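# Per-entry structural report
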Amino acid sequence: MFRRSLFAVLPFALIACGPVDEMETVDESTGTQAQAVCPGVTTVTFGTIDNFGGGPDPLPYAPTALPEFVSYLNAQGIPTGQLKTLDDGTSNKHTVATLRHGLRSCFGSTCTLKLCFRARAHADVPQDDRVTIYNTDFGVYSFPQVTSQPVVPNLRATWNPGEVATLCMPLNMALVGDMLQFQMQDDSSVDYIQMILSC
Ligand SMILES: [Ca+2]
Ligand SMILES: [Ca+2]
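A brief look at the structure comes next. Since we're looking at a predicted model, the values are computed, not measured. By convention here, each chain's residues receive numbers from 1 onward along its written sequence. For this description, chains carry letters from A and ligands carry numbers from 1, given in the order in which they are written. Per-residue local features of the predicted model are confined to residues with pLDDT of at least 70, and side-chain atom pairs are confined, for both listing and counting, to 80 or more; whole-chain, interface and lining totals are unaffected and use all residues.

### Some remarks on the environment of Leu86
A helix here means a DSSP run of H or I that spans at least four residues, while a strand means a run of E at least two residues long, and both kinds are numbered starting from the N terminus. As for its position among the elements, Leu86 is in the loop between strand S3 (83–84) and strand S4 (94–100). Using C-beta atoms placed from the backbone, we call a residue buried if 20 or more other C-beta atoms fall within 10 Å of its own, exposed if 12 or fewer do, and partly exposed for counts in between. Residue classification places Leu86 among the buried residues on the basis of 29 C-beta atoms within 10 Å. Counting along the chain gives 29 residues from Leu86 to Asp57, while the straight-line C-alpha distance between them is 6.2 Å.

Structure follows, in structure tokens:
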């Protein structure tokens, strides 16, 4: 219960930065951003790591996603009734989540960014499932794609009903703004999502 109430007052997901002493070693005297603001590995977690425990997991826009993203998907022919949030094991529905990550100020030329999520394949046809990550272009809301990956073969050799795995993909930071949108169609459930920045 504490976790849920905490999320209710936080504008961003919880950010687990490196050790405090690392954070304090950033040289502020130079007045430049030549060095990454968040050295080391910074992980932002969306949802609750509870082995698909059910929910809804606390997310900023549960039970669906940013309203403009929902409207965008509706216009692509995916009705709201076919959208679901984390931990939902219903087949023939798209898992969606809005990722307000707060990492952008940490991006540096020496950094790499990846997105990982824990997923489970369900009944029907998970073998053709796909994960698409969109950037949020505020005011326009055309949601340009950052990446779109078929689970098989890009992320896994197989994705048959009952399989559970942590799937990861690199993200091009040049295409990543302050907020991403996650979509996985349509016979899988997602336990949680993480963005991992390494600098
Ligand atoms: Ca499918
Ligand atoms: Ca979960």
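### Quick word on the sheet that holds strand S6 (residues 130–135)
Here 5 strands make up an open sheet; going across it, the order is S3-S4-S9-S6-S7 and the pairing mixed. Every interior strand has two partners, whereas the edge strands, S3 and strand S7 (145–150), have only one. Where S3 lies against S4, 2 bridges are found, and the strand directions are parallel. By the bridge assignment for S4, Leu83 is matched with His94. The rule for pairing is simple: two strands pair if DSSP sees at least two bridges between them.

### Digging into the nonpolar core
We call a set of buried Ala, Val, Leu, Ile, Met, Phe, Trp, Tyr and Cys residues a nonpolar core when their C-beta atoms link them within 7 Å. The biggest cluster of nonpolar side chains holds 36 residues, and the ones touching the most others in it are Ala97, Leu99, Leu180, Phe182, Ile193 and Met195. Counting residues per element, the ones that place at least two in this core are strand S2 (41–46), helix H3 (67–75), S4, strand S5 (112–121), S6, strand S9 (179–185) and strand S10 (188–198). Leu99 has contacts with Phe46, Met179, Leu180, Phe182, Ile193 and Met195, leaving out every residue within four places of it along the chain. Note on contacts: each residue gets a C-beta atom placed from the backbone, and two residues are in contact if those atoms are within 7 Å.

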